[in-house]
Protein chains: 2
Amino acid sequence: MTDTNVARVVIIGGGFGGLEAATHLAKAPVSLLLLDRKNHHTFQPLLYQVATAGLSPAEIAGPLRSILGNRKNVEVLLSEVTGFDLARKLVITADAEIPYDYLIVAAGARHSYFGHDDWEPLAPGLKTIEDALEIRRRILTVFEDAERHAALHGHHEDLNFVVVGGGPTGVELAGTITEVARQALASDFHNIDPKRTRVILVEGGPRVLAAYPPDLSQSAEDQLKKLGVEVRTSTVVTNVTEHEVHMGNEILPSSVTLWAAGVAASPLGRALGQPVDKAGRVPVLPDCTIPGHPEVFVIGDLAEFKDATGKMLPGVAPAAMQMGRYVAKTIKDDLAHRPRQPFHYNDRGSLATIGRAAAVAQFPKFKMTGYPAWLAWLFIHIMFLIGFRNRILVIIQWAWSYFTYERGARLITDEVGRLREVRRSPDSKPPDAPELEPVERRSA
Amino acid sequence: MTDTNVARVVIIGGGFGGLEAATHLAKAPVSLLLLDRKNHHTFQPLLYQVATAGLSPAEIAGPLRSILGNRKNVEVLLSEVTGFDLARKLVITADAEIPYDYLIVAAGARHSYFGHDDWEPLAPGLKTIEDALEIRRRILTVFEDAERHAALHGHHEDLNFVVVGGGPTGVELAGTITEVARQALASDFHNIDPKRTRVILVEGGPRVLAAYPPDLSQSAEDQLKKLGVEVRTSTVVTNVTEHEVHMGNEILPSSVTLWAAGVAASPLGRALGQPVDKAGRVPVLPDCTIPGHPEVFVIGDLAEFKDATGKMLPGVAPAAMQMGRYVAKTIKDDLAHRPRQPFHYNDRGSLATIGRAAAVAQFPKFKMTGYPAWLAWLFIHIMFLIGFRNRILVIIQWAWSYFTYERGARLITDEVGRLREVRRSPDSKPPDAPELEPVERRSA
């Protein structure tokens with residue numbers, strides 16, 4: 001980062017947008033620095049597979065360092081950005097001020113609880129590997145508890161899985177949990193009464209997958225119901241407690257509540273000092289920059305980009321990736337003294353999976369539902385999965401699951417907060433007599 | 001578990017011993033109940049691969065339910081045993097008293113800090129998936145921190161990895177961390193000075209791998225040194241602080257301290273009301289039962305078994321597995337009114353891996369070191385890995401790592417203590433509802 005002959009580009013966030021920008025700038029005559037709070041890129045469209053024990057974290061996430069390869073002009077640093085000094089062209093982190101010539105802010109979004117942040121621990125959302133592992137732990141644990149109660153006491157509580165939000169994430173979670181409950185786990189548990197397992201998808205609006213055409217929404221709802229999901233549209237959640245979801249006067253008991261109802265852009269959007277929209281997104285110009293700062297790009301879920309007709313860009317991976325590529329090209333244009341072109345989003349279609357052999361797909365010229373849509377979804381997602389090795393492993397896992405109905409990664413792992421509470425012992429205790437004598441442990 | 005015509009066998013612990021007993025009793029005319037605090041069996045000999053980012057948890061752990069298959073007479077329950085009532089033949093758990101005709105206690109062991117339990121958060125040991133993920137997080141995080149410091153400020157602190165304990169776990173951790181630091185991560189990080197990375201293995205006794213013949217210990221030490229590990233034998237650790245390891249007057253700075261110095265048997269040994277040895281193990285009779293209770297077996301790391309010559313059985317997986325098989329056979333003998341035979345341990349040899357193409361192996365008639373020993377180790381471990389599917393995945397990962405020097409699972413995942421701090425709203429908890437956090441850390 002000390003070569004002053006080349007433009008210094010700082011990218012914040014290693015999601016789809018930031019990574020795509022980095023990849024396309026790596027060979028340019030720039031000095032590139034990617035900052036992220038995590039050391040890995042997460043393939044978010046498959047997070048629900050981790051949450052439902054189908055895939056392991058390492059199969060859908062890859063270290064940013066290895067994705068970007070071993071280029072001398074590319075640095076990846078694990079760092080938390082706290083703010084900006086746009087006048088002095090500095091990114092502020094906890095332990096440094098980092099100068100840039102170009103800044104690409106691609107910090108993404110998290111869940112929004114619409115002002116009810118106290119609901120988060122009660123109804124986790126699905127944005128990170130950690131979220132997915134926590135959801136997996138909760139789902140598998142309620143099955144284990146029910147099995148134990150039934151085996152030892154002859155009965156168990158109802159198992160109600162409530163998914164709040166009927167967008168793509170809610171739909172795939174509801175569909176997959178139903179499959180897991182009905183098929184993958186049915187043979188594992190002897191005492192659980194399948195009739196006491198319900199999966200309820202609650203959507204505030206009139207239909208699921210509201211971003212899709214109405215007939216695809218209807219198809220998705222039909223496919224969900226066929227899988228066994230109870231779909232409750234036009235139903236607004238008014239409160240979430242530890243074992244309940246309140247919808248006005250109706251109270252639904254819930255063993256596990258999951259949140260897929262809304263996203264809020266990263267607080268870094270506000271830190272840019274620009275007005276943001278209600279979701280915290282930063283309005284950007286046709287070249288994805290913010291007004292008055294042609295060197296500051298905002299892309300992906302953090303950007304509010306409207307096309308010439310005023311239509312908002314959807315918060316999907318392909319849009320973020322196209323913006324990332326566009327910004328890389330724009331910086332290269334600048335460096336070559338070519339004029340900037342405006343960003344144009346090429347909507348190649350969208351797919352939402354619902355479950356085993358169930359999906360909807362909308363392409364510019366045609367639509368698909370059911371098995372063909374699911375095959376298209378599968379093919380496209382495997383092709384996009386970053387890294388050849390991950391692709392092979394995921395294909396094996398999926399082929400295995402498809403034919404055996406088994407879920408390969410259904411481990412309940414406790415998180416180790418205990419170990420991380422490093423007690424600072426003021427010089428500890430004086431060595432006293434060993435309580436127990438060492439025993440040799442050897443590998444098999 | 002309510003069929004009163006067949007013997008009720010309760011197994012505590014799904015480690016190597018308990019699982020082997022369960023597998024060999026599954027087809028017998030018994031009603032079998034396996035209790036464990038985790039839902040999965042962990043292939044402990046490969047835990048160090050998870051700790052050093054080579055493998056993912058699901059590749060070395062399998063759900064107990066699926067390993068034991070779908071037999072009507074086999075129940076697996078996620079449950080924490082708190083005690084026993086041997087007179088009334090009951091296992092006591094938090095929410096039930098479970099009757100048995102035969103009891104097999106295979107609760108295993110955890111680390112022993114020789115009375116210094118306050119060292120545990122400062123120097124985690126390696127017994128569970130959670131331990132391995134925490135160690136992986138610590139190792140990768142210090143590399144990331146050093147890279148950031150070096151990139152932003154031009155220098156970084158020394159990276160000292162101190163492994164306490166020169167048994168098989170300490171040796172494989174020290175060897176593998178050195179490899180990771182020298183090779184797998186060397187190309188990932190641009191700014192870290194490899195000369196400032198040290199791996200120090202501290203052993204209190206005069207040689208590493210003390211359970212092996214002296215010439216193999218010497219070979220192991222030579223192989224470690226060749227990899228770049230500093231081996232400090234006859235060196236006793238007297239204190240551990242957050243960034244230091246004290247050895248008498250010498251203070252070694254430490255970025256990550258790992259504990260592989262001793263194990264202590266599960267407290268369930270004491271709960272049997274028998275005298276235990278200094279390591280907490282329960283002395284057992286030649287048929288692996290405790291005196292006065294021919295229906296109560298103790299096996300694996302929890303048992304103190306001495307052969308006819310007074311030699312103690314080693315705390316290794318093959319010994320636990322052989323005990324498990326023996327107990328299954330003995331119960332079947334009882335049911336068929338055949339006399340019991342005493343347990344006889346068949347020592348087929350032992351292997352310890354040190355790193356890439358480095359190991360030592362001791363078989364009854366010959367010894368091996370270096371590459372051939374490593375190949376033997378690799379073959380035996382892959383063959384023993386439970387589950388066909390895991391074997392395939394592990395082979396792919398290993399082949400990949402071997403040829404590319406890449407580590408596939410180097411994700412830093414933050415643990416999600418935040419999400420698990422469920423605030424209990426007073427009006428939200430139905431009386432008999434399952435707790436949100438029922439999963440306890442287990443010691444087996």
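Residues numbered from 1 in each chain as written. Chains lettered and ligands numbered in written order. Predicted model: local features only at pLDDT ≥ 70, side-chain atom pairs only at ≥ 80, totals over all residues. Heavy atoms only, no water.

Student: Would you mind going over the overall build of chain A with me for this structure?
Tutor: Helices and strands together make up the secondary structure of chain A, namely 12 helices and 26 strands. If you take every contact in chain A between residues at least 6 apart in sequence, the share linking residues at least 24 apart comes to 63%. As presented, chain A carries roughly 17,900 Å² of accessible surface, and 55% of it is formed by carbon and sulfur atoms. (Helix = DSSP H or I, 4+ residues; strand = E, 2+ residues; numbered from the N terminus. Contact = heavy atoms within 4.5 Å. Areas by Shrake-Rupley, 256 points an atom, 1.4 Å probe, with all protein chains shown as cover.)

Student: Just to check I follow, could you spell out the packing of aromatic side chains for this structure?
Tutor: The description of two aromatic rings rests on the distance between their centres and on the angle between their planes. All names here are of chain A. Tallied over the entire structure, the rule returns 24 aromatic pairs over all chains. Arranged with centres 5.8 Å apart and planes meeting at 25 degrees, the rings of F143 and F189 form a pair that is stacked. Residue F143 is found in helix α5 (residues 129-153), and its partner F189 is found in the loop between α6 (168-184) and β12 (197-202); the two are separated by 46 residues along the sequence. F189 carries the same exposure label as F143, and that label is buried. An aromatic cluster is defined as three or more aromatic residues linked by ring pairs; in this entry it consists of Y113, F114, W119 and W259. (Phe/Tyr/Trp six-rings, centres within 6.5 Å; stacked < 30°, edge-to-face > 60°. Buried < 20%, exposed > 50% of the residue type's maximum accessible area, 1.4 Å probe, protein only.)

Student: How do you make sense of the pattern of salt bridges when you look at a structure like this?
Tutor: Here the idea is simple: oppositely charged side chains can pair when their charged atoms come close. Scanning the model with the defined rule gives 48 salt bridges over all chains in all. Notably, a salt bridge pairs A:D145 with A:R148, separated by 3.3 Å at the nearest N-O pair. Remark: A:R148 and A:D145 occur in helix α5; sequence separation between them is 3 residues, near one turn of the helix. Comparing A:D145 with A:R148, the two get one shared label, buried. A salt bridge links B:E120 to B:R110; the nearest nitrogen and oxygen atoms lie 3.3 Å apart. (Salt bridge = Lys/Arg side-chain N within 4 Å of Asp/Glu carboxyl O.)

Student: Which parts of the structure should I look at to understand the environment of A:L209?
Tutor: All names here are of chain A. Structurally, L209 is set in the loop between β12 and α7 (214-227). The exposure class assigned to L209 is buried, which follows from its relative accessible area of 1%. Spatially, the C-alpha atom of L209 lies 9.6 Å from that of V360, the residues being 151 residues apart in sequence. Excluding residues that lie within four positions of it along the chain, L209 makes contacts with G166, G167, P168, V171, S217, A220, A352 and V360.

Student: Please clarify how the sheet that holds strand β7 (residues 90-93) of chain B should be interpreted in this entry.
Tutor: Either a parallel or an antiparallel arrangement is found when strands of a sheet pair, and the pairing is made through backbone hydrogen bonds. Residues and elements named next belong to chain B. The strand order β6-β7-β8 describes an open sheet built from 3 strands, whose pairing is antiparallel. The sheet is open, and its two edges are formed by β6 (81-85) and β8 (96-99), each paired on a single side. On average, adjacent strands in this sheet sit at an angle of 25 degrees to one another, irrespective of strand direction. As defined by bridge partners, β7 adjoins β8 across 4 bridges and the pair is classed as antiparallel. By the bridge assignment for β8, V91 is matched with I98. (Pairing = 2+ DSSP bridges. Axes fitted to C-alpha atoms, helices over the stretch in contact; angles between N-to-C directions.)

Student: I'm lost on the packing of helix α1 (residues 16-25) of chain B against helix α9 (residues 317-335) of chain B in this one. Help?
Tutor: When two helices pack together, their arrangement is given by the angle between the helix axes and by the axis-to-axis distance. Residues and elements named next belong to chain B. One can describe the packing of α1 onto α9 by two numbers: an axis separation of 7 Å at closest approach and a directional angle of 35 degrees. The two elements α1 and α9 cross, and the hand of that crossing is right-handed. Across the interface between the two elements, F16, G17, E20, A21, H24 and L25 from α1 touch A317, A320, M321, G324, R325, A328, I331 and K332 from α9. Residue classes in the contact of α1 with α9 are distributed as 8 nonpolar, 3 polar and 3 charged. (Left-handed = near helix turned anticlockwise from the far one by under 90°. Nonpolar A, V, L, I, M, F, W, Y, C, P; charged D, E, K, R; others polar.)

Student: Whenever I open this one, the sheet that holds strand β14 (residues 239-240) of chain A confuses me. Can you help?
Tutor: Residue and element names in this part refer to chain A. Strand order across the open sheet formed by 3 strands is β14-β15-β16, with antiparallel pairing between neighbours. Each edge of the sheet is formed by a strand with only one pairing partner; in this case those strands are β14 and β16 (250-253). Direction of pairing for strand β15 (residues 244-247) relative to β16: antiparallel, over a ladder of 4 bridges. By the bridge assignment, V245 is partnered in β16 with L252.

Student: What am I meant to see in the pairing of strand β6 (residues 81-85) of chain A here?
Tutor: Taken residue by residue, a regular strand's side chains alternate between the two faces of the sheet. In terms of residue burial, β6(A) counts as a mostly covered element, since 4 of its 5 residues are buried. The turn linking β6(A) back onto strand β7 (residues 90-93) of chain A is made up of 4 residues, and A:K89 within it adopts a positive phi angle of 55 degrees.

Student: Can you help me understand the confidence of the model for chain A in this one?
Tutor: When pLDDT is low, close inspection of the predicted coordinates is not appropriate. Residues and elements named next belong to chain A. Of all residues in chain A, 86% have pLDDT values of 70 or greater, and the mean over the chain is 86. Confidence over residues 415-444 falls short of pLDDT 50; this stretch has 95 contacts with residues more than four positions distant or in other chains. Confidence estimates for the predicted assembly give a pTM of 0.85 and an ipTM of 0.82. (pLDDT = per-residue confidence, 0-100.)

Student: Can you help me understand the environment of B:T178 in this one?
Tutor: Residue and element names in this part refer to chain B. Tracing the sequence through the fold places T178 in helix α6 (residues 168-184). For the pair formed by T178 and D301, sequence separation is 123 residues and the distance between their alpha carbons is 29 Å. Look past the residues within four positions of T178 in its chain and what remains in contact with it is V199, L227, G228 and V229. A distance of 2.6 Å separates a polar side-chain atom of T178 from the backbone oxygen of A174. (Polar contact = N/O pair within 3.5 Å; in protein donor to acceptor, adjacent residues only side chain to side chain.)

Student: Looking at this model, I keep getting lost on a nonpolar patch on the surface. Mind explaining?
Tutor: Residue and element names in this part refer to chain A. Taken together, the side chains of F379, M383 and F384 present a nonpolar region at the surface, about 340 Å² in accessible area. Structurally, F379 can be placed in helix α10 (residues 370-384). On the accessibility criterion, F379 (56% relative accessible area) is exposed. (Patch = residues over 30% accessible without salt bridge, like charges linked within 9 Å, V, L, I, M, F, W, Y side chains within 5 Å.)

Student: Would you mind showing me how to read helix α1 (residues 16-25) of chain A here?
Tutor: Residues separated by three or four positions in an α-helix point in the same direction, a consequence of the helix having 3.6 residues per turn. Extensive coverage of α1(A) is indicated by the burial of 8 of its 10 residues. Those residues of α1(A) lying buried are A:F16, A:G17, A:G18, A:L19, A:E20, A:A21, A:A22 and A:L25.

Student: Just to check I follow, could you spell out the nonpolar core for this structure?
Tutor: Across soluble globular proteins, nonpolar side chains have a tendency to be buried as a group. Formed by 66 residues in total, the largest nonpolar core has its most connected members in A:I60, A:L126, A:F143, A:F161, A:L201, A:L209 and A:V360. Judged by nonpolar contacts, the second largest core, of 65 residues, contains B:I135, B:V142, B:L185 and B:L224. (Core = buried A, V, L, I, M, F, W, Y, C linked by side-chain atoms within 4.5 Å.)

Student: Quick question: what am I supposed to make of the pairing of strand β2 (residues 30-36) of chain A here?
Tutor: All names here are of chain A. In terms of burial, β2 is largely enclosed, as 7 of its 7 residues are buried. Residues V30, L32, L34 and D36 of β2 are buried on one face, and the alternating residues S31, L33 and L35, pointing to the opposite face, are buried as well. In this sheet, β2 lies alongside strand β1 (residues 7-12) in parallel orientation, the contact comprising 6 bridges. Of the residues in β2, the one forming a bridge with V10 is L33. Each parallel crossover has a hand, and the one from β1 via α1 to β2 is right-handed. Of the pairings in the sheet, the one linking β2 to strand β5 (residues 74-78) comprises 5 bridges and is parallel in character. Among the inter-strand pairings, L32 is bridged to a residue of β5, identified as V74. (Right-handed = clockwise from strand over helix to strand, strands pointing away.)

Student: What is the right way to read the environment of A:A279 from this model?
Tutor: Residues and elements named next belong to chain A. Position of A279 relative to the elements: it lies in the loop between α8 (268-271) and β19 (282-283). In this structure, the C-alpha to C-alpha distance between A279 and I331, residues 52 residues apart in sequence, is 28 Å. Once residues lying within four places of it in the same chain are set aside, the contact partners of A279 are V263, A264 and A265.

Student: Please explain unusual backbone geometry as it appears in this structure.
Tutor: Across the chain, the bulk of peptide bonds are trans and the bulk of non-glycine residues have phi less than zero. Residues and elements named next belong to chain A. The phi angle at L209 is positive, at roughly 45 degrees, despite the residue not being glycine. Positive phi values are uncommon outside glycine, yet A357 reaches one of about 60 degrees. With respect to the helices and strands, A357 occurs in the loop between β23 (350-355) and β24 (358-362). In this structure A357 comes out as partly exposed when scored by relative accessible area, which is 23%.

Student: Looking at this model, I keep getting lost on α9(B). Mind explaining?
Tutor: Here α9(B) is 19 residues long and its end C-alpha atoms lie 27 Å apart, about the 27 Å a rise of 1.5 Å per residue gives. Phi turns positive one or two residues past the end of α9(B), at B:H337, with a value near 60 degrees. (Expected span 1.5 Å × (residues − 1).)

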